[in-house]
Amino acid sequence: MSNYKKLIIAVDLSEDSAAVAESAKGLVAGTGAELHLIHVIEPLSFAYGGDIPMDFSGIQDEIHQQAAQQLGRFGEQYGIAPERQHIVLGRPEVEIHSKAEEIGADLIVVGSHGRYGLALLMGSTANGVLHGATCDVLAVRVGSKKKS
Ligand code: AMP
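Structure report, in brief. Within any chain, residue numbers begin from 1 and follow the written order of that chain's sequence. Totals for whole chains, interfaces and linings use all residues, but because this is a predicted model, local features are given only for residues with pLDDT of at least 70 and pairs of side-chain atoms are given and counted only at 80 or more. With hydrogens and water stripped out, all remaining heavy atoms of the structure feed into the side-chain values.

The next thing to look at is helix α4 (residues 92-103). End to end, α4 covers 16 Å across twelve residues, agreeing with the expected 16 Å (1.5 Å per residue, within 8%). The buried label applies to any residue whose accessible area, calculated with a 1.4 Å probe on protein chains only, is under 20% of its type's maximum; exposed applies above 50%, and partly exposed to all values in between. Strands here are runs of E lasting at least two residues and helices are runs of H or I lasting at least four, both read from the DSSP assignment and numbered beginning at the N terminus. Here α4 has its buried residues at Pro 92, Glu 95, Ile 96, His 97, Lys 99, Ala 100 and Ile 103. Here, two residues are considered to be in contact whenever any of their heavy atoms come within 4.5 Å of each other. On the buried face of α4, the contacting elements are β1 (6-10), β2 (34-41), β3 (85-89), β4 (107-113) and α6 (125-130). Gly 104 sits one or two residues past α4 and shows a positive phi near 75°. To estimate how far a helix should reach, multiply one less than its number of residues by 1.5 Å.

Strands sit in the order β3-β2-β1-β4-β5 across an open sheet of five strands; the sheet is parallel. Edge positions in the sheet fall to β3 and β5 (136-142), since each has one partner strand and no second. Looking at each pair of strands side by side, their axes are set apart by 25° on average, direction ignored. Here a strand pair is declared whenever DSSP counts at least two bridges between the two strands. In this structure, β4 lies alongside β5, joined through seven bridges in parallel fashion. Bridging across to β5, Leu 107 finds its partner in Asp 136. Interaxial angle, 0 to 180 degrees, is taken between N-to-C directions of lines fitted to C-alpha atoms, where a helix line uses only the stretch in contact.

Structurally, His 39 can be placed in strand β2. Excluding its chain neighbours within four sequence positions, the residues that come into contact with His 39 are Val 11, Asp 12, Leu 13, Ala 67, Leu 71, His 86, Ile 87 and Val 88.

Whenever Lys or Arg places a side-chain nitrogen within 4 Å of a carboxyl oxygen from Asp or Glu, that contact is recorded as a salt bridge. Evaluated as defined, the whole model comprises four salt bridges. Its salt-bridge partner being Glu 102, residue Lys 99 comes within 3.3 Å of it at the nearest N-O pair. In this pair, Lys 99 and Glu 102 are both assigned in helix α4, three residues apart and thus about one turn of the helix distant. When its relative accessible area of 58% is taken as the criterion, Glu 102 is described as exposed. A single salt-bridge network, built from bridges that share partners, covers Lys 6, Glu 34 and Arg 84.

Structure below.
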C-alpha cells in the first residue's frame, strides 16, 4: 500500500488523461489520500509573442471556460471535488511544480509518451516535471507506444 497522502495529477485533457488518473487512483485506493487535478493553459502570447499585434484576451477567456468545463466533468468522473481542480495559466512544468508546492503534494502524476528520435530531443512535459520537482514524480506510460 502506498504512503502518499496528497497527489496532484497533471492532465492535458487529451484522451490519455484517463489512464493517468486511473493509475493515480489505483495507487492510493483505500488509503484516504487526497487527489488534486491540474490543467495548465499556455497563454497564446507565448506561441505568437509579439509577432502578431492582436488582443488574444477574448479567445483566451473562451479557452479557459472550455477547459474549466472539461476539467469539471473529468473531476466529477474521478470523484475529485471542484476545489481540488486547478486551472492555471503558464508553462506546464513551471505551474505543475508551483501548484504541487503550494498544496504540499507528495506525489506528482504525469503521463509520459514513449518518445524517440526528434520528439525525444525536443523533450516532454514529463521530463520537465521530473527535473526540479521537490517531491516524487510518477510517470504513467500513455499513448500508442504503450506496451501491453
Ligand atoms: P507531453 O509530454 O506534452 O506529451 O505531456 C505528457 C503529460 O504531461 C500529460 O499526460 C500530462 O500529464 C502532462 N501535461 C502536458 N501538458 C499539460 C498541461 N497543459 N496541463 C497539465 N498537464 C499537462
